[in-house]
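So the chains spell out like this:
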Amino acid sequence: MLREQIRAFKPRLVSVLDQERASSLRAEGVEVVYGEEGLIQAATFPGVDLVVSAVVGSVGILPLLAAIEEGTDVALANKESMVTAGEIIVKKAQEKGVAILPIDSEHSAIFQALGSKLGGEGIKRIILTASGGPFYNMPAEAFKKVTPREALAHPIWRMGPKISVDSATLMNKGLEVIEAHWFFRVPSERIEVLIHPQGVVHSLVEYVDSSIIAQLSIPDMRIPIAYALSYPKRLFMDLPVLNLVELNHLTFDPPDVEKFPCLKLAYQALETGGTLPAVLNAANEVAVEAFLQGRISFDRIPHVVASTMDRHQATPLHDVEAALEADRWAKAKVLTFIQKVSQ
Ligand SMILES: NC(=O)c1ccc[n+]([C@@H]2O[C@H](COP(=O)([O-])OP(=O)(O)OC[C@H]3O[C@@H](n4cnc5c(N)ncnc54)[C@H](OP(=O)(O)O)[C@@H]3O)[C@@H](O)[C@H]2O)c1
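Rules and cut-offs
- Residues numbered from 1 in each chain as written.
- Predicted model: local features only at pLDDT ≥ 70, side-chain atom pairs only at ≥ 80, totals over all residues.
- Heavy atoms only, no water.
- Helix = DSSP H or I, 4+ residues; strand = E, 2+ residues; numbered from the N terminus.
- Rg over C-alpha atoms; globule rule 2.2 N^0.38 Å.
- Buried < 20%, exposed > 50% of the residue type's maximum accessible area, 1.4 Å probe, protein only.
- Contact = heavy atoms within 4.5 Å.
- Areas by Shrake-Rupley, 256 points an atom, 1.4 Å probe, with all protein chains shown as cover.
- Lys, Arg positive; Asp, Glu negative; His and termini not counted.
- Charge placed at Lys NZ, Arg CZ, Asp CG, Glu CD.
- Salt bridge = Lys/Arg side-chain N within 4 Å of Asp/Glu carboxyl O.
- Core = buried A, V, L, I, M, F, W, Y, C linked by side-chain atoms within 4.5 Å.
- 1 Å grid on protein atoms, 1.4 Å probe; cavity = no way out; pocket = protein on both sides within 12 Å on 5 of 7 lines; lining within 4 Å.
- Points joined across faces, edges and corners; volume = space filled by probe spheres on them.
- Nonpolar A, V, L, I, M, F, W, Y, C, P; charged D, E, K, R; others polar.
- Pairing = 2+ DSSP bridges.
- Axes fitted to C-alpha atoms, helices over the stretch in contact; angles between N-to-C directions.
- Near = heavy atom within 4 Å.
- Polar contact = N/O pair within 3.5 Å; in protein donor to acceptor, adjacent residues only side chain to side chain.
- Sits in = over half its atoms within 2 Å of the grid points.

Draft legend 1. Quick look at the overall build of the protein chain. The secondary structure content of the protein chain amounts to 15 helices and nine strands. Taking 343 residues into account, the globule formula puts the C-alpha radius of gyration at 20 Å, and the protein chain, at 20 Å, falls close to it. Its C-alpha atoms give the protein chain principal-axis dimensions of roughly 55 × 50 × 40 Å. When the 343 residues of the protein chain are sorted by exposure, 50% land in the buried category. Partitioning the intrachain contacts of the protein chain with sequence separation of at least 6 by distance along the chain shows that 66% fall at a separation of at least 24. Entry remark: accessible area of the protein chain is about 16700 Å², with carbon and sulfur atoms responsible for 54%. Charge separation in the protein chain, taken as the distance between the mean sites of 33 positive and 41 negative side-chain charges, equals 3 Å.

So, in structure tokens, the structure goes:
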């Protein structure tokens, strides 16, 4: 697919995961770089007016900071970077006068409900909606037997493997709570999550005067992506309309955090702050990968994350190195643990 994209769009620079992939693409006649260094080169390419960061995982942090350092606006899908180093990223963006525009559909909805402002004046509550994922109504005892294939079959969105598993554990919503905190500067106790299986109300903002403003659309990532690309204008999108009459009803329920403890863990990480959100994210990244490789069962994911968080002594995030160090520490801890249990 990347080869086809290169032929169609003739980009001036392409960055891929590793040297082997880079070598195989060089015949296309474009400059191909690789690894984290390659991502940084792409994020700081001269003349770029907007960097879209949509890699998965904390590997996105340094390229994101490099773009901000260059003074380039960023459209952000890569939530793991905000979760791991939100404090540093937001401070740096403020210093450099750089806008970070949300791509995540929930954060795009909040952004739009706030009149497309990134500040959080007059907000009483942010309400993030969640579809609940494929297992919301499954009894918890059955989680042990869930296969990667089942976890990847999201009822509403078609997404990459990592975020699909995160949606099934509700960790995705937990990461989004932390992301919302950094985007809109609202404390955790004023960020609420509601299960909304229809997936058309993408999130809501309640103001101090008790008005609630929501953004609705068909669930299609092209809508929030287009808004981040065209902001402050709107692009014409030739998409199916949301038929409210056919839809007929919208439901909202509080999440079951006993059955889906990842959400509770994310709140705990945000409340403690410092390096703990980095540990939550890193432990989850490795646990999800291990589940996808069949090395741990689905129901072990929250346990692995919780026990890694328990073993971590959180410290303040003075700089990005502190976040990256916590990320490395947690990934190594989880890998050792998984090696032990799968022996
Ligand atoms: N999918 C959605 O609907 C959605 C919605 C909201 C937010 N997000 C967020 O967006 C991010 C991406 O999610 P996704 O679902 O699009 O994941 P995905 O389908 O797995 O795509 C991630 C992409 O990043 C590339 N990548 C990873 N590391 C890289 C590196 N070091 N250098 C170059 N490319 C690299 C991968 O390349 P390979 O193909 O070579 O592995 C892949 O193409 C995640 O943070 C997710 O939470 C996604």
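Draft legend 2. Up close: the pattern of salt bridges. Inspection of every chain in the model, using the stated rule, returns 21 salt bridges. Residue E69 pairs with K96 through a salt bridge whose shortest N-O separation is 3.2 Å. With E69 in helix 4 (residues 61–69) and K96 in helix 5 (residues 79–96), this residue pair connects regions lying 27 residues apart in the sequence. When salt bridges with common partners are traced through the structure, they connect K79, D104, E106, K173 and E176 into a single cluster.

Draft legend 3. Broad picture of the nonpolar core. The biggest cluster of nonpolar side chains holds 87 residues, and the ones touching the most others in it are F184, L280 and F298. Counting residues per element, this core draws most heavily on helix 13 (residues 276–292), which supplies eleven residues. Those residues in contact with F298, other than ones at most four positions away along the chain, are F135, F143, V146, V165, A168, T169 and F291. V14, A22, V30 and V32 belong to the second-largest nonpolar core, a separate cluster that totals seven residues.

Draft legend 4. Representation of empty space enclosed by the protein. The full count for this structure, using the stated rule, is one cavity of 30 Å³ or more. When its volume is computed, the largest cavity comes out at roughly 40 Å³. Along the lines of polarity and charge, the residues of the lining of the largest cavity split into three nonpolar, four polar and one charged.

Draft legend 5. Representation of the sheet that holds strand 9 (residues 212–216). The four strands lie next to each other as 7-6-8-9, forming an open sheet whose pairing is mixed. With one partner strand each, in any of the chains shown, strand 7 (191–195) and strand 9 form the two edges of the open sheet. Each strand of the sheet is rotated relative to its neighbour by a mean of 20 degrees, with strand direction disregarded. Relative to strand 9, strand 8 (residues 201–207) runs antiparallel, the two being bridged by five bridges. Following the sheet pairing, E206 is matched in strand 9 by I212. Lying on the sheet, helix 9 (residues 171–184) is in contact with strand 6 (123–130) and strand 7; it crosses strand 6 at an angle near 150 degrees.

Draft legend 6. Geometry of the site of the ligand. Among the 18 residues in the neighbourhood of the ligand, the closest are listed as R21, K79, E80, D104 and G160. Between the ligand and the protein, one listed contact pairs an oxygen atom with a side-chain N or O atom of R21 at 2.8 Å. Alone, the ligand offers 890 Å² of accessible surface; in the complex the protein occludes 69% of this. More than half of the atoms of the ligand fall within 2 Å of the grid points belonging to the second largest pocket. Those elements that place two or more of their residues in the shell around the ligand are strand 1 (13–16), helix 5 and helix 8 (161–169).

Draft legend 7. View of the layout of surface pockets. Taken as a whole, the largest pocket holds about 1400 Å³ of empty space. What lines the largest pocket is a set of 31 residues, and nearest its centre among them are L13, S15, L39, A42 and V52. Where the lining of the largest pocket is concerned, the elements lending two or more residues are helix 1 (2–9), strand 1, helix 3 (35–43), strand 3 (50–53) and helix 4. Broken down by element, the residue count for the lining of the largest pocket peaks at five residues, all from helix 3. Residue classes in the lining of the largest pocket are distributed as 22 nonpolar, six polar and three charged.

Draft legend 8. Region of interest: the sheet that holds strand 5 (residues 100–102). The sheet built from three strands is open, its strands ordered 3-4-5 with parallel pairing. The sheet terminates laterally at strand 3 and strand 5, the two strands that pair on one side only. Strand after strand, the sheet turns through a mean of 25 degrees between neighbouring axes, direction not considered. Bridge count for strand 4 (residues 73–76) against strand 5 is three bridges, and the pairing is parallel. Directly across from V74, in strand 5, lies its bridge partner I100.

Draft legend 9. Spotlight on the pairing of strand 7. Of all five residues making up strand 7, four are buried, and the element is well covered by its neighbours. Bridging between strand 6 and strand 7 involves five bridges; their strand directions are parallel. When the sheet's bridge partners are listed, I126 is paired in strand 7 with I191.

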